[in-house]
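Chain and residue survey
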Amino acid sequence: MAVGLLGLWARRLLAATAMRGLPAVHVRWESTASRTVVAPPAITGKRPREPTIRWQEDPDPEDENLYEKNPDSHGYDKNPVVDLWNMRVVFFFGFSIVLVLGSTFVAYLPDYRMREWARREAERLVKYREANGLPIMESNCFDPGKIQLPEEED
C-alpha cells in the first residue's frame, strides 16, 4: 500500500514540475515490491485541451421551478392547496401523534426492573417487623439453627 502511494506521489511531483515548466530531472524509479515503474512523462510542456462546452437549453420542460408559481411551497406537491394540506398532515402526525402520544406511552410504561415494587415490599416488611417486635434487620440472612455444618475433624 505504501509503495503504491509513493509511486502515486512521485507521479504527481513529476507532473507538477512538467506543468509549471520547470526542468524535470529524468529519474526512473522502480519498485521491487509492487513492480511499479515511475518515469517522467514522455511529452513535457503540452497541456491537454480543455473540452469546449456549448450552451444547450434544457429539453425537459417538466423541470420547472415550483417557487415561481407558489413562493410558499413546502415541496410536497405542485398544487398549492394540496401542498399546504400535505404539510399540515405531516406536521400533525409528526408532532401531535409521535411526540405527544409517544412520550405519554413512555411515561406510562410498567415499572422498570421492579424498583417501585421492591420499595413497597421493603416498607411492608418494616411495618410487619415493627408490629411484631422483631428487629428491622438481622445479621443472619438465614436461620442459623437450620443450617447443617459438617463435623469438625481433628
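Here we summarise the structure given alongside this text. (Residues numbered from 1 in each chain as written. Predicted model: local features only at pLDDT ≥ 70, side-chain atom pairs only at ≥ 80, totals over all residues. Heavy atoms only, no water.)

**Things to note about the packing of aromatic side chains**
For any pair of aromatic rings, the description rests on two quantities: the centre-to-centre distance and the angle between the ring planes. Scanning the entire structure with this criterion turns up 2 aromatic pairs. Measuring from centroid to centroid gives 5.7 Å for F91 and F95, while their planes differ by 10 degrees, and the two rings are stacked. Of this pair, F91 and F95 both sit in helix α3 (residues 80–107), 4 residues apart, which is roughly one turn of that helix. On the basis of relative accessibility, which here comes to 43%, the residue F91 falls in the partly exposed class. On the basis of relative accessibility, which here comes to 46%, the residue F95 falls in the partly exposed class. Ring geometry for F92 against F93: centres 5.3 Å apart, planes inclined by 75 degrees, an arrangement best described as edge-to-face. Take F92: its relative accessible area is 44%, and that puts it in the partly exposed class. (Phe/Tyr/Trp six-rings, centres within 6.5 Å; stacked < 30°, edge-to-face > 60°. Helix = DSSP H or I, 4+ residues; strand = E, 2+ residues; numbered from the N terminus. Buried < 20%, exposed > 50% of the residue type's maximum accessible area, 1.4 Å probe, protein only.)

**Considering helix α4 (residues 115–131)**
Between its first and last C-alpha, α4 extends 25 Å over 17 residues, near the 24 Å set by a 1.5 Å rise per residue. Backbone geometry just downstream of α4 places G133 in the positive-phi region, at approximately 75 degrees. (Expected span 1.5 Å × (residues − 1).)

**Re the environment of S103**
Note on placement: S103 falls in helix α3. Engagement of the side chain of S103 in a polar contact is seen with the backbone oxygen of L99, the distance being 2.8 Å. Polar side-chain contacts of S103 include one of 3.0 Å to the backbone oxygen of V100. (Polar contact = N/O pair within 3.5 Å; in protein donor to acceptor, adjacent residues only side chain to side chain.)

**Side note on unusual backbone geometry**
The phi dihedral of R113 falls on the positive side, at around 60 degrees, and the residue is not glycine. Inspection of the secondary structure assignment puts R113 in the loop between α3 and α4. Given the relative accessible area of 62%, R113 is considered exposed. Of note, M114 is a non-glycine position whose phi angle comes to about 55 degrees, a positive value. Topologically, M114 is positioned in the loop between α3 and α4.

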